[in-house]
Amino acid sequence: MMKKLIALMFALLMVFSFACAEGDRHDLVYDREGDAGQLAVRFMWLGSDPKEEKPGDSILLISPDNKVMLVDAGIPEVRDRLIGALKELGITRIDYLVASHPHIDHIGGFKYVMDEFEVGTVYTNSVTHRTATYEGFNDKVAQLNLPHIILAEGDEFMFGEHVKVEVFNPPVEIDYPEDEGERYSAAFFNNNSLVLKFTYGTSTLMLAGDLYTAGEFNVVDKYGDRLQCDVIKVNHHGDTTSSSSKWRRTVAPKYSVITAEQIYSVTVAKYYKRNGGTVYHTGLDGMVLMRTPGDATYTFITEWDRTTDVLD
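Conventions adopted
Residues numbered from 1 in each chain as written. Predicted model: local features only at pLDDT ≥ 70, side-chain atom pairs only at ≥ 80, totals over all residues. Heavy atoms only, no water. Pairing = 2+ DSSP bridges. Helix = DSSP H or I, 4+ residues; strand = E, 2+ residues; numbered from the N terminus. Axes fitted to C-alpha atoms, helices over the stretch in contact; angles between N-to-C directions. Salt bridge = Lys/Arg side-chain N within 4 Å of Asp/Glu carboxyl O. Buried < 20%, exposed > 50% of the residue type's maximum accessible area, 1.4 Å probe, protein only. Core = buried A, V, L, I, M, F, W, Y, C linked by side-chain atoms within 4.5 Å. Contact = heavy atoms within 4.5 Å. 1 Å grid on protein atoms, 1.4 Å probe; cavity = no way out; pocket = protein on both sides within 12 Å on 5 of 7 lines; lining within 4 Å. Points joined across faces, edges and corners; volume = space filled by probe spheres on them. Nonpolar A, V, L, I, M, F, W, Y, C, P; charged D, E, K, R; others polar.

Enquirer: Would you take a moment to explain the sheet that holds strand S14 (residues 288-292) for this structure?
Expert: Within a sheet, neighbouring strands are paired by backbone hydrogen bonds and run either parallel or antiparallel to one another. Taking strand neighbours across the sheet as the criterion, the 8 strands line up as S6-S5-S4-S3-S2-S1-S14-S15 in an open arrangement whose pairing is mixed. Lying at the two open borders of the sheet, with one neighbouring strand each, are strand S6 (148-150) and strand S15 (299-302). When strand polarity is set aside, the average angle formed by the axes of neighbouring strands in this sheet is 20°. Taken together, the 3 bridges between strand S3 (residues 68-71) and strand S4 (residues 93-98) define a ladder with parallel strand orientation. Note on S4: the bridge partner recorded for leucine 70 is leucine 97.

In structure tokens:
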């Protein structure tokens, strides 16, 4: 009960912060002119309405040659906010539509996104779910007759002509638990999240969905130093289920972005600040824009000024 009360209080604080800070750098994070020739990544702010469920993740990537990738699309309830932001950014086509795993806070908005924008190819893992949201997502992909590529560890593909994407999870053969409770547990879906490393020149980015600690251990044991990235979207919204010391030491990010409507763990956030790391948080910063020209240098712009020093 106390945890829910704290979460509600934080959500109300975020609504107040948004009301105070909206527009601080709104024009800057929505400005596409600065994207030219760079890999631009926008970690979308999906809202902090205390009446809504966890809004989830959505990350928009634009390649140096202007290809567009959308990784995840939040819950259905934030669809208008997400679609509005994409339209404000001038998006008309999504060349790569990527679902990290089939939880509602990651795929819930996709059905509506596909109604509004032309889509090139859909990328998912092979894990199936039995929810109406998952079935609706698959039905829409089939209805539009979109190419659908299943990704697994060992795969590589190009995002445009200049950005390489390596896949480190899930395994090629998914080990489905015999117990139905385990088969449909959060841990099973999250530990089979896509783990994607983006490389543009010498710049690197890691997106690993909601990977839990057990999944982190498995991926690190298999791939070790190949996982090192300068920038990471922190796994599972910065919660304590993830971000093990083994994972953090191996990926060793200089910049970390937490995509969440609230702070699930101050401790986890501060772990990423050790040794001079910089941590951004969409609940505190609004949309977070990262750009890199491919030389391992990065420019970050946040939509808002922070109204709290809780992560310092």
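There is more to say, and it comes next.
Enquirer: Can you help me understand the pattern of salt bridges in this one?
Expert: Inspection of the entire model under this criterion finds 15 salt bridges. For lysine 140, the salt bridge is made with aspartate 115, and the minimal N-O distance between the two is 2.7 Å. Of this pair, lysine 140 sits in helix H6 (residues 132-143) while aspartate 115 is found in helix H5 (residues 110-116), placing the two residues 25 residues apart along the sequence. Lysine 140 sits in the buried class, given a relative accessible area of 10%. Aspartate 221 is the partner of lysine 246 in a salt bridge, and the nearest nitrogen-oxygen pair spans 2.6 Å. With lysine 246 in helix H10 (residues 245-251) and aspartate 221 in helix H9 (residues 213-223), the pair connects residues that are 25 residues apart, well separated along the chain.

Enquirer: Quick question: what am I supposed to make of the nonpolar core here?
Expert: Inside soluble globular proteins, nonpolar side chains tend to come together where they are buried. Formed by 35 residues in total, the largest nonpolar core has its most connected members in Leu60, Ile91, Phe110 and Phe137. Those elements giving two or more residues to this core turn out to be strand S2 (59-62), S3, helix H3 (79-88), S4, H5, strand S5 (118-124) and H6. Here the element with the most residues in this core is H3; it accounts for 4 residues. Apart from residues lying up to four places away in sequence, phenylalanine 110 is in contact with Leu70, Val71, Asp72, Ala73, Leu97, Val98, Ala99 and Phe137.

Enquirer: Looking at this structure, how should I read the side chain of lysine 233?
Expert: Tracing the chain through its elements places lysine 233 in strand S11 (residues 231-233). Residue classification places lysine 233 among the buried residues on the basis of a relative accessible area of 1%. Apart from residues lying up to four places away in sequence, lysine 233 is in contact with Phe43, Asp57, Ile59, Met206, Leu207, Gly209, Val257 and Thr259.

Enquirer: What exactly am I supposed to notice about empty space enclosed by the protein here?
Expert: If a probe as big as a water molecule is rolled over the atoms, it shows which places are left empty. Considering all chains together, one arrives at 2 cavities of 30 Å³ or more under this definition. Computed from the structure, the largest cavity encloses a volume of approximately 50 Å³. Looking at the largest cavity, the residues that line it are Met44, Trp45, Leu46, Gly47, Pro55, Gly56, Thr259, Ala260, Glu261 and Thr282. Across the lining of the largest cavity, the residue classes break down as 5 nonpolar, 4 polar and 1 charged. In this structure, the second largest cavity spans a volume of roughly 50 Å³. Here the residues of the lining of the second largest cavity are counted per class, giving 7 nonpolar, 2 polar and 2 charged.

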